[in-house]
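Each chain, written out:
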Amino acid sequence: MPSYRRDAGFALLCGLVLVAYLRRAGALDTLWAESAVAVGVIGALGVEALFILDTPVASLWERRGVRTASAVTLLGVAGGFAVFLGPVVVAAACWGLITYFGILVVALWYR
């Protein structure tokens, strides 16, 4: 299985969990908060920049446990901060994943 499919699978599972959280909390409308969109998109672009620039992130990502730990960490951090800051944090994480999928589509299109 190509790595982009594996990574997209992890991202999709995380996204489904995050959206389910928002739905259960009755906070799906926070997906349209400007702050959630801005933080999510900028955060995702920053993370993706770490893969493009000369950083050790790309080589670390190839370790099996790192991918799983990253997904668990994303869900835990978003859920944990949501307790203090509200569901807009979870919405921002959703926008980060949406941005990731947008970048993936563009990368595969020009591949």
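Presented here is an overview of the structure given in this document.

Calculation rules
- Residues numbered from 1 in each chain as written.
- Predicted model: local features only at pLDDT ≥ 70, side-chain atom pairs only at ≥ 80, totals over all residues.
- Heavy atoms only, no water.
- Helix = DSSP H or I, 4+ residues; strand = E, 2+ residues; numbered from the N terminus.
- Expected span 1.5 Å × (residues − 1).
- Buried < 20%, exposed > 50% of the residue type's maximum accessible area, 1.4 Å probe, protein only.
- Contact = heavy atoms within 4.5 Å.
- Phe/Tyr/Trp six-rings, centres within 6.5 Å; stacked < 30°, edge-to-face > 60°.
- Axes fitted to C-alpha atoms, helices over the stretch in contact; angles between N-to-C directions.
- Parallel < 35°, antiparallel > 145°, perpendicular 65-115°, else oblique.
- Left-handed = near helix turned anticlockwise from the far one by under 90°.
- Nonpolar A, V, L, I, M, F, W, Y, C, P; charged D, E, K, R; others polar.
- Core = buried A, V, L, I, M, F, W, Y, C linked by side-chain atoms within 4.5 Å.

## Describing helix α5 (residues 88–109)
Here is step 1: Counted at 1.5 Å a residue, the expected span for α5 with its 22 residues is 32 Å, and the 31 Å between its end C-alpha atoms agrees.
Here is step 2: Of all the positions in α5, only V89, V90, A91, A92, A93, C94, W95, G96, L97, T99, Y100 and L104 are classed as buried.
Here is step 3: Contacts from the buried residues of α5 go to α1 (3–24), α2 (34–52) and α4 (64–85).

## Concerning the packing of aromatic side chains
Pairs of aromatic rings are described using the distance from one ring centre to the other and the angle between the two planes.
Here is step 1: Evaluation of the coordinates by the stated rule reveals three aromatic pairs.
Here is step 2: Ring centres 5.9 Å apart and planes at 90° place the aromatic pair F51 and W61 in the edge-to-face group. Here F51, found in helix α2, pairs with W61, found in helix α3 (residues 57–61); they are ten residues apart in sequence, far enough to count as distant.
Here is step 3: The exposure class assigned to F51 is partly exposed, which follows from its relative accessible area of 26%.

## Overview of the packing of α1 against α4
Here is step 1: At a minimum axis distance of 10 Å, the contact between α1 and α4 shows a crossing angle of 20°. By the angle between their directions, the pair α1 and α4 is classed as roughly parallel. As α1 packs across α4, the resulting crossing turns out to be right-handed. On α4, the residues that touch R6, D7, F10, C14, V17, L18 and Y21 of α1 are R67, T68, A71, L74, L75, A78 and A82.
Here is step 2: Here the contact of α1 with α4 is built from residues that sort into ten nonpolar, one polar and three charged.

## A word on the nonpolar core
Here is step 1: Within the largest apolar cluster, 20 residues are counted, with the highest numbers of intra-cluster contacts made by L18, L22, L31 and V90.
Here is step 2: Counting residues per element, this core draws most heavily on α5, at nine residues.

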